[in-house]
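Fold and contact review
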Amino acid sequence: MTSHSVHMRDQKANQIAMMARTDRQALAGMIEEITVVVVLWGVFILASLS
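The notes below deal with the structure included here. Note that the structure is predicted; figures quoted are calculated from it, not measured. (Residues numbered from 1 in each chain as written. Predicted model: local features only at pLDDT ≥ 70, side-chain atom pairs only at ≥ 80, totals over all residues. Heavy atoms only, no water.)

Regarding the overall build of the protein
- The helix and strand inventory of the protein stands at one helix and zero strands.
- Here the C-alpha atoms of the protein give a radius of gyration of 22 Å, more than 25% beyond the 10 Å that 2.2 N^0.38 yields for 50 residues.
- For the protein, the spread of C-alpha atoms along the three principal axes comes to 75 × 5 × 5 Å.
- Accessible area for the protein stands at about 4,800 Å²; split by element, carbon and sulfur atoms hold 70% of it.
- Of the charged side chains in the protein, 4 are positive and 4 negative, and the gap between their average positions amounts to 13 Å. (Helix = DSSP H or I, 4+ residues; strand = E, 2+ residues; numbered from the N terminus. Rg over C-alpha atoms; globule rule 2.2 N^0.38 Å. Areas by Shrake-Rupley, 256 points an atom, 1.4 Å probe, with all protein chains shown as cover. Lys, Arg positive; Asp, Glu negative; His and termini not counted. Charge placed at Lys NZ, Arg CZ, Asp CG, Glu CD.)

Written as structure tokens, this is what we have:
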């Protein structure tokens, strides 16, 4: 019975780790998209000024 509860705890830890990894990847993707938009707006503004 003890090994069963350890297994369940390991499964839960793996699930939490996978969710954290997914959240980090989503956050990195959002930051990347925001950066691209900011850079494109910067280029557009610089082009319209010159």
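Quick notes on the packing of aromatic side chains
- All chains considered together, the criterion is met by one aromatic pair.
- Relative to Phe44, the ring of Trp41 lies with its centre 5.6 Å away and its plane at 85 degrees, an arrangement referred to as edge-to-face. On the criterion of helical spacing, the pair formed by Trp41 and Phe44 is a turn pair, its members being three residues apart in helix α1 (residues 2-49). (Phe/Tyr/Trp six-rings, centres within 6.5 Å; stacked < 30°, edge-to-face > 60°.)

Considering a nonpolar patch on the surface
- A grouping of Val37, Trp41, Phe44, Ile45, Leu46 and Leu49 is seen on the molecular surface, where their side chains present a nonpolar patch of about 690 Å² in accessible area.
- Turning to its location among the elements, Ile45 is positioned in helix α1.
- Under the relative-accessibility criterion, Ile45 is labelled partly exposed at 44%. (Patch = residues over 30% accessible without salt bridge, like charges linked within 9 Å, V, L, I, M, F, W, Y side chains within 5 Å. Salt bridge = Lys/Arg side-chain N within 4 Å of Asp/Glu carboxyl O. Buried < 20%, exposed > 50% of the residue type's maximum accessible area, 1.4 Å probe, protein only.)

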